[in-house]
Amino acid sequence: MNLTDLTNLAIKYCEKLGADEAEAFAENLKTTEVVLERAEIQNERVKTQSGIGIRIIKDKKLGFAFASKLAKDSIEEACRNAQSLANVSIPNPDWVSLPTPAKLPKSPAGIFDEEIASITGDEVLNVSMLAYDAAKGYDKRVDIDDGKFSAIATEVAISNSHGVEAEEKTTLLEGYLVCVAKEHGETSSMSIEYDIASSLKDFSSETIGRLGAERALASLKPKPIQSFSGKVILDSDPASAVLVQPIISSVNADNVQRGRSLWAEKLDKEVASQKLTITDDGLLPKGIGSSSFDSEGAPSQKTPVMMCGKLKNFLHNSFTANKEKKKSTGNAYRDGYYVLPSISVSNLIIEAGNKRLEEMVSEVDKGIIVRRFSGNVRPESGEFSGIAKQASYIEKGEIKYPLKETMISGNAFEAIKSIIEMGSEIRPTLIKAYVPPILIDKVN
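These numbers come from a predicted model, not from an experiment.

Enquirer: Looking at this structure, how should I read the nonpolar core?
Expert: Burial of nonpolar side chains together is a common tendency in soluble globular proteins. Membership of the largest hydrophobic core comes to 47 residues, with the highest contact counts inside it found for Leu243, Trp263, Leu276, Leu348 and Ile440. It is helix H6 (residues 236–251) that provides the largest number of residues to this core, a total of seven residues. With residues up to four places along the chain from it excluded, the contact list for leucine 348 reads Val244, Ile248, Ile278, Thr279, Asp280, Val305, Lys432, Ala433 and Tyr434. One finds Leu36, Tyr132, Leu173 and Ala181 within the second-largest nonpolar core, a separate group that totals 24 residues.

Enquirer: Just to check I follow, could you spell out the packing of aromatic side chains for this structure?
Expert: Aromatic ring pairs are reported here in terms of the distance separating the ring centres and the angle at which the planes meet. If you walk through the whole model with that rule in mind, you get eight aromatic pairs. Relative to tyrosine 338, the ring of phenylalanine 66 has its centre 6.4 Å away and its plane inclined at 65 degrees; by these criteria the two rings are edge-to-face. Note that phenylalanine 66 is positioned in strand S3 (residues 61–67) and tyrosine 338 in the loop between strand S12 (332–333) and strand S13 (342–343), a separation of 272 residues in sequence. Phenylalanine 66 gets classed as partly exposed once you look at its relative accessible area, which sits at 43%. Where phenylalanine 149 meets phenylalanine 203, the ring centres are 6.4 Å apart and the plane angle is 80 degrees; that geometry is what we call edge-to-face. Of this pair, phenylalanine 149 sits in strand S4 (residues 142–160) while phenylalanine 203 is found in the loop between strand S7 (191–197) and helix H5 (205–218), placing the two residues 54 residues apart along the sequence. With relative accessibility at 9%, the residue phenylalanine 203 sits in the buried group. Every member of this aromatic cluster is reached through a ring pair, and the members are Phe66, Tyr337 and Tyr338. Taking the ring centre of phenylalanine 228 as reference, the NZ or CZ of lysine 366 above it sits at 4.6 Å. Lying across the ring of tyrosine 194, arginine 427 places its NZ or CZ 4.2 Å from the centre.

Cut-offs and rules
Residues numbered from 1 in each chain as written. Predicted model: local features only at pLDDT ≥ 70, side-chain atom pairs only at ≥ 80, totals over all residues. Heavy atoms only, no water. Core = buried A, V, L, I, M, F, W, Y, C linked by side-chain atoms within 4.5 Å. Buried < 20%, exposed > 50% of the residue type's maximum accessible area, 1.4 Å probe, protein only. Helix = DSSP H or I, 4+ residues; strand = E, 2+ residues; numbered from the N terminus. Contact = heavy atoms within 4.5 Å. Phe/Tyr/Trp six-rings, centres within 6.5 Å; stacked < 30°, edge-to-face > 60°. Lys NZ or Arg CZ within 6 Å of the ring centre and 35° of its normal.

The following block contains the structure:
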C-alpha cells in the first residue's frame, strides 16, 4: 500500500469510530549522512523514519495520536487513541473545520532530485570530502573542527474526511563545515559555512570549503574597538537570526491572534524601510521549503508579506484563517508526523537590492561587518544582544581588521526602519528564508 492508501484507510476507520472530522498525515523519511569531528570521518549512516499522525475532531474537541509503524493494526490503534483523547478533551469554541478540497497547483519544479533520493553513503562521503579538500587546500593554516553532510528524501501524504487527498516527494542536500585558522599559537574565531539545495547539481561543496577557510583566516589577529553606535552590515546568516526571525514571528497569524505580535493592528501600515519587500512563496522552483500543498493539504501559494515597508498579510493555517473567515495562505507546517500542524514560512524571500557586498562596504564611513551572530533575540519585542563573531571593522569604505568578539545590541523592529541598503547576493538560510546582506544603522 502506498502512503495515500494508508491515510485513506485511517480516515475510514476514524469515521467508523464516530469522528465528526478526521485527518491523517503519513510520512516516509530517509536520511543518508556523514559526520565529521576533529577533521576525521566519525560515522556514515542511513536513517529511516516512517509514521502516521491522526487528528480527530468530535463535538469541537480535538484528539491526536500517532503510530511509528505503517501497518494496519498500528494505524487503527492510533485512531482509537486519538478518539479516546477527543472524548476527554475540552471543546474549542473557535474550531470551525479541517480544510476542504481545493485544486492543488502543480508540484514546483526542481523540488525532487532522483540523484539525492538514491544517493549512497559513499556518495555523500564524496560530497563531504570535496568540501574538506577545498578548505584544507585553501591554506595550510586552516583546520576543520567538525561538520555534517545529509541527503534527505521525504514523502508525505495527507487525507481528511472532507475529501482532501495529496501526496508529494521532496529532497534536500544539506552540509556544513566548522573551520578555524591557526598561526603562531593563535587560533581564529570559528567559521561556520553551509549550503542547502533541493538538487545535487545546485549544491556546492567547494564553496563551503573555500568560504569556510577564507573566513577563518580573515579573523586571525583581531583587535578591539571603542564603543560606538553606527552602521552594521549583517551578512545573510546573522541577518536571518537578528532581523528575519522577529519578522517571521510577527506575521504568524497565531501569534497575532494571541496578542504576541507588535504588528497585530498594522496591516497596510508602514512598519519598515521602503527598501524592505518580503514574499512567502511556497511554489518557488527549487525552493528548500516548496511543495504544492502545506501540512494540512491546503494549496501552497505566493503571499506578499511586506511591500516597500508596508505590511500586507499575515501567514495562516486553516485554524487561524477560519477564525477570521479567511482563506488559509497554505502555511501549515509540521516537524514530522508525530506533531500537530503549526504555522511556518515556506520560502520567505527578502527582496535583494542592487549592490554587491563589496559596494556596500565601500559606502560605510565607520561601522562593522558581521558574518556570524551568537546571542539572544526576543522575537516578540525584537530586542537583541550578543556577540558579533567573524566580524571586521570598516573605516572609510575599507575593511581594516578583524574584531575581537564584540557585543552588539539593538531592536530588530527599529533596525528594519533604519535599513540603508539591501545586498544583491541572496542565499537560502537554515530558517527557510532567502536573505541578502543588509546594511542597517544605529546599532550599539
